[in-house]
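Architecture and fold: a report
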Amino acid sequence: MGQISRRVFLLVTVALLPGIAPEAVGASKTIKPTPTPKKKKPTPTPTAKKPTPSKAPTVTPKPSPTPSKVTEGLVIAKSSDLAIRQTKIFFLKDSFGISTGYSLTRTSRGVVMAFDSKCTHAGVPTLVSGSQLKCPAHGSIFNPENGEVVRGPAYEPLRSYRTIEADGEIRIIIS
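First, a word on what this report is: a plain description of the structure on this page. Source: prediction; values computed, not measured.

Per the stated rule, a full pass over the model turns up 3 salt bridges. E165 is the partner of R106 in a salt bridge, and the nearest nitrogen-oxygen pair spans 2.9 Å. Of the two residues, R106 is situated in strand β3 (residues 99-107) and E165 in strand β9 (residues 160-166); the sequence distance between them amounts to 59 residues. The buried category is assigned to R106, whose relative accessible area is 10%. Look at E165 and you get partly exposed, because its relative accessible area is 35%. With its nearest N and O atoms 3.3 Å apart, the salt bridge here joins R171 to E169.

Written as structure tokens, this is what we have:
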């Protein structure tokens, strides 16, 4: 009896819902072929129109000379912040908000270089002591004009960075 009631149910379902019948009975569906897209003709590229000759000559205005702004590097200080024969430590924040100190020294030749203010022995920030950079942790002393070690225990010079002084600004090139 169970088999007969299933068949009756199936027949009733097929009669009421004709769209489901082929799937319910397991009959194969007739598949209509999908139309293939037609190839489009390539569109021609527009050609430039030839200028028509005019009677009056056209005059193009020359750009007025403007002072060139230096955009290389990061501004670390104003030129007026550093006097001749003076060494100072300036700070820049990176993209994470961490502040890093760089020592700048102005000589008669201008701002020589920028140096990372961290001691190469222990990584402790150096301090300006007289005309030198001194590490307070172990006493290493560095020359602020070239970053070389004057007295150890550090044996590597401070890391140096190129500087540009233009338009009243001192810029540091960090790469």
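From this point, the discussion proceeds with the structure in view.
Moving on: the packing of aromatic side chains. Using the criterion set out here, one finds 1 aromatic pair in the structure. For the pair Y102 and Y161, a centre-to-centre distance of 5.4 Å together with 85° between the ring planes defines the contact as edge-to-face. A residue pair is termed long-range when its members are at least 10 positions apart, and Y102 in strand β3 and Y161 in strand β9 qualify at 59 residues. Looking at Y102, the relative accessible area reads 7%, which means it is buried. Exposure remark for Y161: the relative accessible area of 7% places this residue in the buried category.

Ordered in space as β5-β6-β7-β8, the 4 strands form an open sheet in which the pairing is antiparallel. Each edge of the sheet is formed by a strand with only one pairing partner; in this case those strands are β5 (127-129) and β8 (149-151). By the bridge criterion, 3 bridges tie β5 to strand β6 (residues 132-134) in an arrangement that is antiparallel. From the neighbouring strand, S129 faces β6, where its bridge partner is Q132.

Turning our eyes to something else, we now look at the pairing of β9. Sheet topology note: the strand β4 (residues 110-116)/β9 ladder contains 2 bridges and is antiparallel. Looking across to β9, one finds that A114 is bridged to Y161. Of the pairings in the sheet, the one linking β9 to strand β10 (residues 169-173) comprises 5 bridges and is antiparallel in character. Bridge pairing links A166 to E169 in β10.

Another point: the pairing of β3. Most of β3 is tucked away, with 8 of its 9 residues classed as buried. Both strand β2 (residues 86-93) and β3 contribute to a ladder of 8 bridges, which runs antiparallel. What sits directly across from F91, in β3, is G101. The loop that links β2 with its antiparallel partner β3 comprises 5 residues; one of these, G97, has a positive phi angle of about 85°. Of the pairings in the sheet, the one linking β3 to β4 comprises 5 bridges and is antiparallel in character. Among the inter-strand pairings, R106 is bridged to a residue of β4, identified as V111. Where β3 folds back on β4, the antiparallel hairpin that results is connected by 2 residues.

Rules used in this analysis
Residues numbered from 1 in each chain as written. Predicted model: local features only at pLDDT ≥ 70, side-chain atom pairs only at ≥ 80, totals over all residues. Heavy atoms only, no water. Salt bridge = Lys/Arg side-chain N within 4 Å of Asp/Glu carboxyl O. Helix = DSSP H or I, 4+ residues; strand = E, 2+ residues; numbered from the N terminus. Buried < 20%, exposed > 50% of the residue type's maximum accessible area, 1.4 Å probe, protein only. Phe/Tyr/Trp six-rings, centres within 6.5 Å; stacked < 30°, edge-to-face > 60°. Pairing = 2+ DSSP bridges.

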